[in-house]
Amino acid sequence: MPAATTSGADASNGSSAHNRQHNQGNQERKYTAEQKAAVLRIRKCEPTAFYEILEVSKTCTDAEIKKAYRKQSLLTHPDKNGHEHADEAFKMVSRAFSVLGDKEKRDKYDRFGTDPDSRFASAQQQNPFAGFANRGAARAHQGGMWGDDADISPEEMFARFFGGGGFGGGPFGAAFDGGPQFVFNFGGGPGIRVHQFGGGRPRTRPRQAGQQQEGGNSMWSTLMSLLPIIILFIFPMISSLFSGATTGPSTPAMAFEQAIPPYTMARKMPNVKVNYYVNPNDVRHYSASKLYNLDQKAEHIFVQQLQQQCEREMTEKRRLIEEAQGWFRTDQEKLAKAERFETPACIRIKNLYSPGSKY
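Residues numbered from 1 in each chain as written. Predicted model: local features only at pLDDT ≥ 70, side-chain atom pairs only at ≥ 80, totals over all residues. Heavy atoms only, no water.

The name given to the protein in an unreviewed UniProt entry is J domain-containing protein, and the organism recorded there is Neurospora hispaniola.

1. Considering the overall build of the protein
Counted only if it meets this: Runs of E in the DSSP output that reach at least two residues are strands. Runs of H or I that reach at least four are helices, and both are numbered from the N terminus. Partly exposed describes any residue whose relative accessible area lies between the buried limit of under 20% and the exposed limit of over 50%, with all areas from a 1.4 Å probe on protein chains only and scaled to the type maximum. The contact rule is simple, with two residues in contact once any of their heavy atoms fall within 4.5 Å. Computed with a 1.4 Å probe, the accessible areas rest on the Shrake-Rupley method; for each residue, only the protein chains presented here act as cover.
Within the protein, the regular secondary structure consists of 13 helices and five strands. Burial status across the protein gives 30% buried among its 359 residues. Expressed as a percentage of contacts within the protein between residues at least 6 apart in sequence, the contacts between residues at least 24 apart total 57%. Carbon and sulfur atoms make up 55% of the accessible area of the protein, which amounts to about 23200 Å² in all.

2. Details of a positive patch on the surface
To keep it simple, the criterion reads: Exposure above 30% relative accessible area and the absence of a salt bridge qualify a residue for a patch, where like charges join within 9 Å and nonpolar side chains (Val, Leu, Ile, Met, Phe, Trp, Tyr) within 5 Å. We define a salt bridge as a contact between a side-chain nitrogen of Lys or Arg and a carboxyl oxygen of Asp or Glu at a distance within 4 Å. Charge assignment: positive for Lys and Arg, negative for Asp and Glu; neither His nor the chain ends contribute. A charged residue contributes its charge at one atom only: NZ of Lys, CZ of Arg, CG of Asp or CD of Glu.
A surface patch of like charges, here positive, comprises R329, K334, K337 and R340. With respect to the helices, strands and loops of the structure, R340 is situated in the loop between α12 (332-339) and α13 (344-352).

3. Considerations on the environment of L320
Structurally, L320 is set in helix α11 (residues 288-325). Considering only alpha carbons, one finds L320 and E339, 19 residues apart in sequence, at a separation of 8.5 Å. Here L320 is in contact with A338 and F341, once residues within four sequence places are set aside.

If you want it as structure tokens, here you go:
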């Protein structure tokens, strides 16, 4: 009988342990209503609807894209979201951020509406000279977030974005805790997943020597195949430069909108109707057709200068807006000041081509 009692107790303990394990398993796969809604919403999006996946507008700033990725990645990360499709949603979020978070890729996506990393799409987008230029540009591009490690996994991207750690020790640690770094390499061979918990950015996978050699050969073969085109276009350009140097002076100096001695001879631009002034001695031998060409050249220079100034103004305005938005909260006073930042050159360009403009 005592043996029977002992066996019953063991069975009871075993059953309790089994129940505890079962409950723990359920707890690990739990998710909130918000997490479920995020997964379902993202999975309804087209794979290349990157703005829709991150829930941002096409005119959003880089800071807004980073904020959106922070929110969506934390909602869908499989380690925190137990929904059965969380991993798929998390990968879609990561892919969207890898494109929109890179200035060059985002520009291509905005122009063509296709995944810039798709080989088929890239073949349609590239010009004859892009084959050997894009590799170097992709590595040297300052706006890119991941440098030349374009094939990083969603987990590695997440770890880099949050500094490499987790909520106190999991894969979310360094977003909130700058603790020590622990790296686990199971097996150590190629293709083995390396998990990093805490600490700085994860170590990248070394590139194989064969891949580097293959890239060099590919670039050389591309250059050789384009050599006839280069000769066809470059040599005539060089010869025209040398021939043009002997024909006389280039475009004479000029002043825009008001006379500044010795630029006192008034002329008017043909389309925007803005006055400009040249030195009479510089154009005294000009024919009527050459003067008209000078008018067009002056207009081109004037508008180009305005466009460059407008770009500088818009860059400064975007910088002020991003600075006001910050990472965790928005400074409304700074944001209002940034929104009021004036862009006179941009307004001037708009007015130049507006119907009924005084210009």
